[in-house]
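Structural overview for review
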Amino acid sequence: MYLPPHDPHVDDPMRFKPLFRIHLMERKCATVECMYGHKGPHNGHIQIVKKDEFSTKCNQTDHHRMSGGRQEEFRTWLREEWGRTLEDIFHEHMQELILMKFIYTSQYDNCLTYRRIYLPPSSPDDLIKPGLFKGTYGSHGLEIVMLSFHGKKAKGTKITGDPNIPAGQQTVEIDLAHPLQLPDIENLRDFSELSRIVLEVQEQVRREEQEQEHRQEEEDRSQQPASQPAAKPLGGEDAEGEETAAGAEGTTQDKAPASQPFVLPMGVISRNEDYPRTCRICFYGTGLIAGHGFTSPERTPGVFVLFDDDRFGFIWLELKSFSLYSRIKVSFQNAEAPSREAFDEMLKNIQSLAT
């Protein structure tokens with residue numbers, strides 16, 4: 001398992017934690033060992049579920065338990081997963097969220113399902129290279145998000161979730177057709193000024209969507225009978241959409257300065273105060289918020305801030321909160337390369353087995 005660094009250090013490397021291992025034996029058989037818990041490897045089981053999916057099961061869950069009971073397990077989990085003690089957390093709401101996450105994750109420690117993640121394709125026209133990013137999510141800590149580009153839109157999809165927004169949901173959506181011109185640095189400190197700019201763009205987007213729906217209705221009414229459908233332009237709607245997006249992006253890049261000063265408005269909460277003080281460009285976007293258990297989800301306006309090729313941010317207007325994202329650069333190797341001596345020893349063992 002690759003875990004995000006301790007909150008709120010998004011630029012730190014991912015943390016590696018073994019969960020199971022397989023011993024390949026002679027005569028085409030193998031043994032599986034669960035690595036979870038603090039009592040050493042123990043008996044486990046692996047099952048192939050379907051393509052790109054498999055599950056692991058621990059056959060000795062008593063190895064996961066501690067002599068001090070659930071309280072000791074919680075405190076140990078808190079130190080390992082969050083890098084802090086319970087006494088370090090003064091905020092009652094944060095304590096509640098962390099306890100919920102512990103209860104949720106610990107009930108699945110004996111049986112886990114793994115699904116392959118397909119990284120999004122990359123295009124030379126993309127704003128930055130798509131991929132996986134670590135992001136701050138307030139009291140929820142750090143979560144993993146996959147950034148992808150889709151014509152006029154960019155999307156951030158949660159790979160890891162929390163009690164409010166589960167994994168697989170689209171946490172942020174960026175409207176690349178609507179760049180934002182931030183005010184000067186002094187006016188940017190005023191949250192009401194930034195809010196005014198974002199809400200004006202939100203209203204503009206709403207009007208454009210209504211006009212688009214009206215045009216679509218007009219086209220539908222003027223279409224020929226179903227037996228003689230009207231011919232579409234070469235390339236279809238997708239090609240037209242991509243052309244519009246490319247044009248919008250080109251205009252944006254032509255007008256955008258190489259960098260501009262950036263500071264969070266007063267009153268906007270950030271888990272990480274070490275965010276960049278310059279940015280390349282900003283866009284209007286929306287962020288998904290919900291109650292516990294993903295109740296009453298809604299998309300709310302916000303600001304996507306591109307800092308550089310490996311970092312971006314999102315200002316959640318309604319929450320008055322800021323998330324900072326940093327690219328995951330780990331190559332996901334599950335072990336270091338063996339030394340020359342160890343490699344030579346392995347060769348001898350293989351040769352002796354062959355003879």
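Above this text is the structure in question.
We now turn to the structure provided with this report. (Residues numbered from 1 in each chain as written. Predicted model: local features only at pLDDT ≥ 70, side-chain atom pairs only at ≥ 80, totals over all residues. Heavy atoms only, no water.)

1. Notes on helix α1 (residues 69-82)
- In a regular helix each residue adds 1.5 Å, so 14 residues correspond to 20 Å; α1 covers 20 Å between its end C-alpha atoms and thus fits that length.
- Within α1 the residues assigned to the buried category are Glu73, Phe74, Thr76, Trp77, Leu78, Glu81 and Trp82.
- A positive phi of about 70° marks Gly83, the residue just after α1. (Helix = DSSP H or I, 4+ residues; strand = E, 2+ residues; numbered from the N terminus. Expected span 1.5 Å × (residues − 1). Buried < 20%, exposed > 50% of the residue type's maximum accessible area, 1.4 Å probe, protein only.)

2. Focus on the environment of Thr295
- With respect to the secondary-structure elements, Thr295 resides in strand β16 (residues 295-308).
- Looking at Thr295, the relative accessible area reads 39%, which means it is partly exposed.
- Counting along the chain gives 130 residues from Thr295 to Ile165, while the straight-line C-alpha distance between them is 9.0 Å.

3. Section: empty space enclosed by the protein
- Within this structure, the stated rule accounts for 2 cavities of 30 Å³ or more.
- Space inside the largest cavity adds up to approximately 110 Å³.
- In terms of lining, the largest cavity is formed by 16 residues, of which the most central are Leu19, Phe20, Cys34, Thr56 and Cys58.
- Among the elements of the structure, β4 (30-34), β5 (42-50), β6 (53-58) and β7 (111-115) are those that each provide at least two residues to the lining of the largest cavity. (1 Å grid on protein atoms, 1.4 Å probe; cavity = no way out; pocket = protein on both sides within 12 Å on 5 of 7 lines; lining within 4 Å. Points joined across faces, edges and corners; volume = space filled by probe spheres on them.)

4. What to know about the environment of Ile46
- With respect to the secondary-structure elements, Ile46 resides in strand β5.
- Along the primary structure Ile46 and Glu33 are separated by 13 residues, whereas in three dimensions their C-alpha atoms are 9.4 Å apart.
- Not counting chain neighbours up to four residues away, the residues in contact with Ile46 comprise Phe20, Ile22, Val32, Phe54, Ser55 and Thr56. (Contact = heavy atoms within 4.5 Å.)

5. A closer look at the pairing of strand β8 (residues 131-136)
- Along β8, 6 of the 6 residues are buried, which leaves the element largely enclosed by surrounding structure.
- In this antiparallel pair of consecutive strands, β8 and strand β9 (residues 142-150), the connection spans 5 residues, and Gly138 shows a positive phi of 55°.
- Where β8 and strand β18 (residues 321-327) come together, 3 bridges link them in antiparallel fashion. Looking across to β18, one finds that Gly135 is bridged to Tyr325. (Pairing = 2+ DSSP bridges.)

6. Considerations on the sheet that holds β4
- Read across the open sheet, the 5 strands follow the order β3-β4-β5-β6-β7; overall the sheet is antiparallel. Two strands in the sheet have a free side with no partner beyond their single neighbour: β3 (20-24) and β7. Looking at each pair of strands side by side, their axes are set apart by 35° on average, direction ignored.
- As defined by bridge partners, β6 adjoins β7 across 5 bridges and the pair is classed as antiparallel. Residue Thr56 lies in a different strand from β7, and its bridge partner there is Leu112. (Axes fitted to C-alpha atoms, helices over the stretch in contact; angles between N-to-C directions.)

7. Side note on the pairing of β6
- In the sheet, β5 pairs with β6 via 6 bridges, with the strands oriented antiparallel. Paired with Gln47 across the bridge in β6 is Ser55.
- Between β5 and β6, which pair antiparallel one after the other, the connecting turn spans 2 residues, and Asp52 there sits at a positive phi close to 65°.

8. Notes on the side chain of Glu53
- For Glu53, the position within the fold is in strand β6.
- In this structure Glu53 touches Ile48, Thr113, Tyr114 and Arg115, once residues within four positions along its chain are discounted.

9. Re the nonpolar core
- Core analysis: the largest hydrophobic core is formed by 26 residues, its most contacted members being Leu180, Phe262, Val303, Ile315 and Phe322.
- Elements with a minimum of two residues in this core: α4 (191-222), β15 (281-291), β16 and β18.
- Among the elements that take part in this core, α4 stands out by supplying 6 residues, more than any other.
- Not counting the four nearest positions on each side in its chain, Phe322 is found in contact with Thr136, Leu264, Val268, Ile269, Ser270, Tyr275, Phe307, Gly313, Phe314, Ile315 and Trp316.
- Counting residues in hydrophobic clusters, the runner-up holds 20 residues, among them Val145, Leu147, Ile289 and Phe314. (Core = buried A, V, L, I, M, F, W, Y, C linked by side-chain atoms within 4.5 Å.)

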